[in-house]
Amino acid sequence: MRAPVSERPDAAAVALVDELVGDLAGTWDTSGVLPDPVLRKLGGAGLLCAQVPEVYGGPGYSSLRNGELTAHVGGRCSSLRSIQTSQGMAAWTVTRLGTERQRAAYLPRLVGGELAAVAFSEPGAGSDLSTMETRARIDGDELVLDGHKVWITGAAYADLVVVFAGYGDAGTAVMVPAGAPGVTIERVPEPLGCRAAGHANVRLDGVRVPLDSVLGGRPGQSLPLLVTIALAYGRISVAWGCAGILRACLAAATAHARGRRQFGRPLAEHQLVARHLAELFTAERVASRACADASASWDGNSPDLVTATMLAKYVSSTQAARGAATAVQVLASAGARDGHAVARAYRDAKLMEIIEGSNEMCELMLARHALSAA
Amino acid sequence: MTSASQALEADLTDLLERRTKIPVAPDADLFELGVVSSLFAMELVVHLESTYDIAIVGPDLVMENFRSVQAMAALVRRIQDRVGAGTGV
């Protein structure tokens, strides 16, 4: 089952991803680094944030089409897909929170090869944003930022960091050049998964930016609302990335089960292995449907997108974590080394149950929705 | 109040009462009532956008604009007026 033609990423986009990734994802995983030219080429083609409208120089993909592209990248390399998630979230944040002048200023840069990361989490503030300690204050015609962000995906490669901070009893989102005085970016050493995604801690010590770097033109919006809006993109992107992980796991597991023989017949003809394949197939279909459903809400600008996105993220990441473990089980020793597609999937998918809202936070929010909607 | 404004407030009141399961007066402080989570607020944003064919972006996303049915209705009218006057952000 494939998406209708109009909702498939164009062949040139897929070919560029395939050409750039080649068989290198395993090497990137073990070295923990994505080559800069790969990121710049994909970014310059607009494919790291393909929903940026054509009027700003972007590919202008729908959510569904971008989702299929995200799944394709996710199936090949979750580190690269993580960069795509961050860049897309930065572009979406500018689109949604910025003024028209800011959209016109930043979006062409984000589809022109510059890289962006989005900084929410802090040592003491993960799911509970009320404890966010990064602060913004106005000094003359500048905004001054102080704080410490942790585990910022893509920050090690970024030219721009979208920083979320408290401002008085409200909040703000600010475009901060990674090279601005007072910004220090240090890689998280040896992350469990998405090892080449450039996760880094970001220190902000008296960082000064012009006031027109403040998205919306002035600080003082609702911090929870700003973060919720930004994260919605991150969540649907992660969800599609996990659908891609499942597609890669299904392909690896079926290929292995067809080819490898034990006890005189292919693994696939052993019923307990066949059940693994059935479960993987089901997981991929369920995750893809949840993602497509959420993207349809995005493309129709339906209020359902909020819950549908949460559901897609929850379904897709939990299915991917379980499915990747199943794939490792089917491949056994053939897949049990770092860098192998299913070994990467196993570590990467686990991280996806934590990032952009842990399983438990998703469950709480889905339960709250069930209580109010039923 | 115009009938368009009344319809707007009635639509919002209906949505809020369905979701919160409590009566919601047009001037009730929704944050004090504790019935608007950030997710629900985002849903309200998209609901207003898709129902009234407007874009709520940038500086309009202050929580004050979502504090009550009246505040949301006023926000929609402001954006409609701004678009009508050709001075959108």
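Residues numbered from 1 in each chain as written. Chains lettered and ligands numbered in written order. Predicted model: local features only at pLDDT ≥ 70, side-chain atom pairs only at ≥ 80, totals over all residues.

**Section: the nonpolar core**
All names here are of chain A. Spelled out, the test is: Joining buried Ala, Val, Leu, Ile, Met, Phe, Trp, Tyr and Cys residues through C-beta atoms within 7 Å gives a set, and that set is a nonpolar core. Partly exposed residues are those whose C-beta has more than 12 but fewer than 20 other C-beta atoms within 10 Å; with 20 or more the residue is buried, with 12 or fewer it is exposed, and the C-beta atoms are placed from the backbone. Numbered from the N terminus, helices here are DSSP runs of H or I no shorter than four residues, and strands are runs of E no shorter than two. Remark: residues whose backbone-derived C-beta atoms lie within 7 Å of one another are considered to be in contact.
Among the nonpolar cores identified, the biggest contains 153 residues, and Val161, Val174, Cys249, Ala324 and Ala327 are the most heavily contacted of them. Among the elements that make up this core, the one with the highest residue count is helix 7 (residues 223-259) (23 residues). If near-sequence neighbours (up to four positions away) are discounted, alanine 324 is found in contact with Ile245, Cys249, Val342, Ala345, Tyr346 and Ala349.

**Notes on the packing of helix 1 (residues 3-20) of chain B against helix 4 (residues 69-85) of chain B**
All names here are of chain B. For clarity, the cut-off: Axis definition: a line fit to C-alpha positions, over the contact stretch in the case of helices; interaxial angles, taken between N-to-C directions, run 0 to 180 degrees. When describing relative orientation, an angle under 35 degrees is termed roughly parallel and one over 145 degrees roughly antiparallel, while 65 to 115 degrees is termed roughly perpendicular and anything else oblique. A clockwise turn of the near helix away from the far one marks a right-handed crossing, whereas an anticlockwise turn of less than a right angle marks a left-handed crossing. Three classes are used, and their members are as follows: Ala, Val, Leu, Ile, Met, Phe, Trp, Tyr, Cys and Pro are nonpolar, Asp, Glu, Lys and Arg are charged, and the others, Gly among them, are polar.
Put simply, helix 1 and helix 4 touch, their axes get as near as 9 Å, and they point 130 degrees apart. As the angle between them shows, helix 1 and helix 4 are arranged oblique. Between helix 1 and helix 4 lies a crossing of right-handed hand. Along its contact with helix 1, which presents Ser5, Leu8, Glu9, Leu12, Thr13 and Leu16, the element helix 4 presents Val69, Gln70, Met72, Ala73, Val76 and Arg77. Partitioned by chemical class, the residues of the contact of helix 1 with helix 4 number seven nonpolar, three polar and two charged.

**What to know about the interface of chain B and chain A**
Taken together, the contact between chain B and chain A spans 19 residues of the former and 26 residues of the latter. Of the residues belonging to the side of chain B that touches chain A, the class tally is 10 nonpolar, six polar and three charged.

**What to know about the confidence of the model for chain B**
Basically, it comes down to this: For every residue, the pLDDT score states the predictor's confidence, bounded by 0 at the bottom and 100 at the top.
Looking at chain B as a whole, its pLDDT mean stands at 88, while 94% of the residues score no less than 70. As scored by the predictor, the complex reaches a pTM of 0.95 and an ipTM of 0.87.

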